[in-house]
Amino acid sequence: MRRLQPLLVEVRDALVRGLAVSRAIHAEYGWQPSADRHLDHQLVRREAMERLRPYADHDDHPFGTQLELLEPAHDNLGLPMSGLILRTPTEVLRVWHSDDGELPAADTQGLRDFYAQAPTAQLHLQLALDAVPGSSHRREHLALLWADSRRPGRDPELVRFDLVRPRGSSGRRVDVDWHVGLLDRLRSVAA
């Protein structure tokens, strides 16, 4: 959490900006976001990726790490609909909209592969026993789940911003290693 905190703040701010853009577009055309939540989430995703794209273009970032986006040169914005894929030297972070705080079901081989990793306790033991200078290990797979509140007359706000570490799947069900709510933690940092 400490290592990712600056990046998580940037992602949170990019999503909030995306919510504002989606709200403005819907207001301009007189559309109701609830009539097509996929469009709403896609607009949030699009603006968030535009806000994060500059961090993949240079090495000097406010959070001190190189951020890789999925094929940024081809304007591939990551996952379908509301998802983003962000890579740091040590993590692969998938960002998904989730009203219920649950990870997407393990319906595809790609998701099952993403979810498949050793539990944290086992991973720390393995790293301690197998640590070899210069050896490379797989990046940590983490998910960032967000949801928003759309109250009329109020600025859009996030009501969920959770960091989740999956540890595998059983059928469609995802096994979770840990799940941490970040809204209050990141607010206290900003204060």
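Since this is a predicted model, take the numbers as computed values, not measurements.

Reading the values: rules and limits
- Residues numbered from 1 in each chain as written.
- Predicted model: local features only at pLDDT ≥ 70, side-chain atom pairs only at ≥ 80, totals over all residues.
- Heavy atoms only, no water.
- Helix = DSSP H or I, 4+ residues; strand = E, 2+ residues; numbered from the N terminus.
- Buried < 20%, exposed > 50% of the residue type's maximum accessible area, 1.4 Å probe, protein only.
- Contact = heavy atoms within 4.5 Å.
- Areas by Shrake-Rupley, 256 points an atom, 1.4 Å probe, with all protein chains shown as cover.
- Expected span 1.5 Å × (residues − 1).
- Pairing = 2+ DSSP bridges.
- Phe/Tyr/Trp six-rings, centres within 6.5 Å; stacked < 30°, edge-to-face > 60°.
- Lys NZ or Arg CZ within 6 Å of the ring centre and 35° of its normal.
- Core = buried A, V, L, I, M, F, W, Y, C linked by side-chain atoms within 4.5 Å.

A. Focus on the overall build of the chain. A count of helical and extended segments in the chain gives five helices and six strands. When the helices and strands of the chain are placed in sequence order, the string is α-α-β-β-β-α-α-β-β-β-α. Within the chain, the fraction of its 191 residues that count as buried is 42%. For the chain, long-range pairs separated by at least 24 residues make up 57% of all intrachain contacts whose partners lie at least 6 apart in sequence. For the chain, the computed accessible surface area is about 10,500 Å², with 52% contributed by carbon and sulfur atoms.

B. Focus on the environment of R45. With respect to the helices, strands and loops of the structure, R45 is situated in helix α2 (residues 37-57). On the basis of relative accessibility, which here comes to 7%, the residue R45 falls in the buried class.

C. Focus on helix α1 (residues 5-29). Over its 25 residues, α1 extends 37 Å from the first C-alpha to the last, a length consistent with the 36 Å expected when each residue adds 1.5 Å. Within the sequence span of α1, burial applies to L7, L8, V9, V11, R12, A14, L15, G18, L19, V21, S22 and H26. Directly after α1, the chain includes G30, whose backbone phi takes a positive value near 70 degrees.

D. Quick peek at the pairing of strand β3 (residues 91-97). Among the seven residues that make up β3, seven are buried, leaving the element largely enclosed by the rest of the structure. Counting the residues that bridge the hairpin from strand β2 (residues 84-87) to β3 gives three residues. Inspection of the sheet shows β3 paired to strand β4 (residues 140-149) by seven bridges, in the parallel sense. Residue E91 lies in a different strand from β4, and its bridge partner there is E140.

E. A look at the pairing of strand β5 (residues 157-170). For β4 and β5, the ladder comprises seven bridges, and the chain directions are antiparallel. Looking at the pairing, S149 lines up with E157 of β5. The pairing of β5 with strand β6 (residues 173-181) spans eight bridges and is antiparallel. Directly across from V164, in β6, lies its bridge partner H179. Counted between consecutive antiparallel strands, the loop separating β5 from β6 contains two residues, among which G171 sits at a positive phi close to 65 degrees.

F. Up close: the packing of aromatic side chains. For the structure on display, the rule yields three aromatic pairs. Arranged with centres 4.8 Å apart and planes meeting at 20 degrees, the rings of Y29 and W31 form a pair that is stacked. Across from the ring centre of F114, 4.6 Å away, lies the NZ or CZ of R94, which sits over that ring.

G. The arrangement of the nonpolar core in detail. Counting residues in each nonpolar core, the largest one holds 26 residues, and the members touching the most others are L8, V11, L15, L93, V95, L144 and F161. Of all elements in the fold, only α1, α2, β2, β3, β4, β5 and α5 (183-190) reach the threshold of two or more residues within this core. Element by element, the count of residues in this core is highest for α1, at seven residues. Residues in contact with L15, not counting those within four places in the same chain, are V44, A48, V95, W146, L158 and F161. Within the second largest apolar cluster, twelve residues are counted, among which are I85, W96, Y115 and V164.

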